[in-house]
Amino acid sequence: MKQVMSRLVNKFWRYIKYFTVARKVWHWPHQSDVLFFDASGQDILLEYMRQWNPEILHKRNEFINVPVLFASIFRDGKKSDAYIDCFIEKVRPKLIITMIDNDTSFYAVGQRHPTVKTMVIQNAVRARIMEGKKPDGTHGKIDYMMVMGSNVGSEYSKYIQGDSISMGSLKNNHYPKSVVKASGTIVFISQYRDFESIFLDGKLYTHKQYYQAEKIVLENLVQYANKNEKNISIVPVFGFEDPLFIKEKEFYGNILGQPANFLESRECGGSYYNIDEAGLVVGVDSTLVYEAIARGAKTAIFSIRSDFLGLKGYTYGWPAEYEDDGPFWTNHINSENLERILDHLFEIDDAQWHAELAEHSFDKVMTYDPGNGILKSILTKELGPTTNS
């Protein structure tokens, strides 16, 4: 009895905290043909959907719609689902879109609202898909699974009903390519995050353990650059004005033993322009590394985190199975492997590079669709012609 009462009290206080922290909206959501399920990614999405004046269902305690909350209180079932359903009913959308493809609660929305079309847009390379779920196709329904490549689309289709469509990365497709190149330069893609430890596949890893991959790659990369008279710069995760950039700067300074040279994002999409202008891009397993290849930038992927952590999902091209060593990637780092790949990429020209990508069917890992024409065609089909198509 005490345990039951304790759970009820804890649940009550979670609701109170949620209601207290979130900003309140005191009017009903407006009707729209488009509903964003979670605000994440809305800045880019709005570039393609502004004409429909989309409504946003906030999922991270930023806002709570008070009329919807009160209307959903007395509904049966899970209260979070009741709130979502009531919000959808008030908006009456034709299409519900999310860029949070790892939010499994979205996959049940289409089942509860069968007359509304649903779309999920993959926003990052994943090391895990539908974690803990059986691949039996019973975990939801999506009308449009907009994935980065057919390999991950095939994996999602094991769990979820719906059409898988390869469109690449929304952001990567959005920003036009720069044609300026700085030969002889190496640009390293940072994946720094500020945490003490991280829980993955049932194991706890320290910050040092998780980023051992970056340490090994950069130490070898510096030796290569010094030997071959190349310059190294780092594309940071955080902007120079972000307080977390100080920690990112210290992190790489400790690895290198001296201050690192960081490339500043000059404008929106600056990271993409930085990789476009590099002679060679290097990274571990970030989304931006794969986006760089999709854009045509010569890129080395040292996907060695699985070696250090013993984790599935961090090898090159996962969830498809590729050889551990390829012409521009390796899952097992050593100085010979790194030198082999870097020498090869500096020696080949752009025509040879593109032929190599075609030979290894990189478009199955990540498609490239400049201007997001694939997405626009679906919006036209479901909502009518777009004004910026």
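That block above? That's the structure.
Summarised in this report is the structure supplied together with it. (Residues numbered from 1 in each chain as written. Predicted model: local features only at pLDDT ≥ 70, side-chain atom pairs only at ≥ 80, totals over all residues. Heavy atoms only, no water.)

With respect to the packing of helix α9 (residues 212-228) against helix α14 (residues 335-347)
At their nearest, the axes of α9 and α14 sit 10 Å apart, and the two run at 55° to each other. The angle between α9 and α14 places the two elements in the oblique class. In the crossing of α9 with α14, the sense of the turn from one axis to the other is right-handed. Facing α9, whose interface residues are Val217, Asn220, Leu221, Tyr224 and Lys227, α14 presents Ser335, Leu338, Glu339, Leu342, Asp343 and Phe346. (Axes fitted to C-alpha atoms, helices over the stretch in contact; angles between N-to-C directions. Helix = DSSP H or I, 4+ residues; strand = E, 2+ residues; numbered from the N terminus. Parallel < 35°, antiparallel > 145°, perpendicular 65-115°, else oblique. Left-handed = near helix turned anticlockwise from the far one by under 90°. Contact = heavy atoms within 4.5 Å.)

Details of the sheet that holds strand β9 (residues 182-189)
Taken in spatial order, the 5 strands of this open sheet run β12-β9-β13-β14-β15, and their pairing is parallel. Whereas interior strands pair on both sides, the edge strands pair on one side only; in this sheet they are β12 (231-235) and β15 (329-330). Pairing analysis gives 3 bridges linking strand β13 (residues 278-283) to strand β14 (residues 299-302), with the strands arranged parallel. Considered in β14, the bridge of Val282 is made with Ala300. (Pairing = 2+ DSSP bridges.)

What to know about the pattern of salt bridges
Evaluation of the coordinates by the stated rule reveals 17 salt bridges. The salt bridge partner of Arg60 is Asp38, with a shortest N-O separation of 3.0 Å. Taken together, the residues Arg60 in the loop between β3 (55-57) and β4 (63-65) and Asp38 in the loop between β2 (34-37) and α2 (42-49) connect sequence positions 22 residues apart. We classify Asp38 as buried; its relative accessible area is 4%. Of the charged contacts, one joins Lys117 and Glu382 as a salt bridge, the two residues approaching to 3.2 Å between their closest N and O atoms. Residue Lys117 is found in strand β6 (residues 117-121), and its partner Glu382 is found in helix α16 (residues 373-383); the two are separated by 265 residues along the sequence. (Salt bridge = Lys/Arg side-chain N within 4 Å of Asp/Glu carboxyl O. Buried < 20%, exposed > 50% of the residue type's maximum accessible area, 1.4 Å probe, protein only.)

Examining a negative patch on the surface
Together, Asp307, Glu323, Asp324 and Asp325 line one region of the surface with negative charge. Within the secondary structure layout, Asp307 lies in helix α13 (residues 305-309). Taking the relative accessible area as the measure of exposure, Asp307 reaches 40% and is therefore partly exposed. (Patch = residues over 30% accessible without salt bridge, like charges linked within 9 Å, V, L, I, M, F, W, Y side chains within 5 Å. Areas by Shrake-Rupley, 256 points an atom, 1.4 Å probe, with all protein chains shown as cover. Lys, Arg positive; Asp, Glu negative; His and termini not counted. Charge placed at Lys NZ, Arg CZ, Asp CG, Glu CD.)

Observations regarding the sheet that holds β6
Pairing is parallel across the open sheet formed by 6 strands, whose spatial order is β3-β2-β5-β6-β7-β8. This sheet does not close on itself; its edge strands, each paired only once, are β3 and β8 (161-166). When strand polarity is set aside, the average angle formed by the axes of neighbouring strands in this sheet is 25°. Against the sheet, α2 contacts β2, β3, β5 (95-98) and β6, and its axis sits at roughly 170° relative to β2. Helix α4 (residues 79-91) contacts β2, β3 and β5 of the sheet and is inclined by roughly 175° relative to β3.

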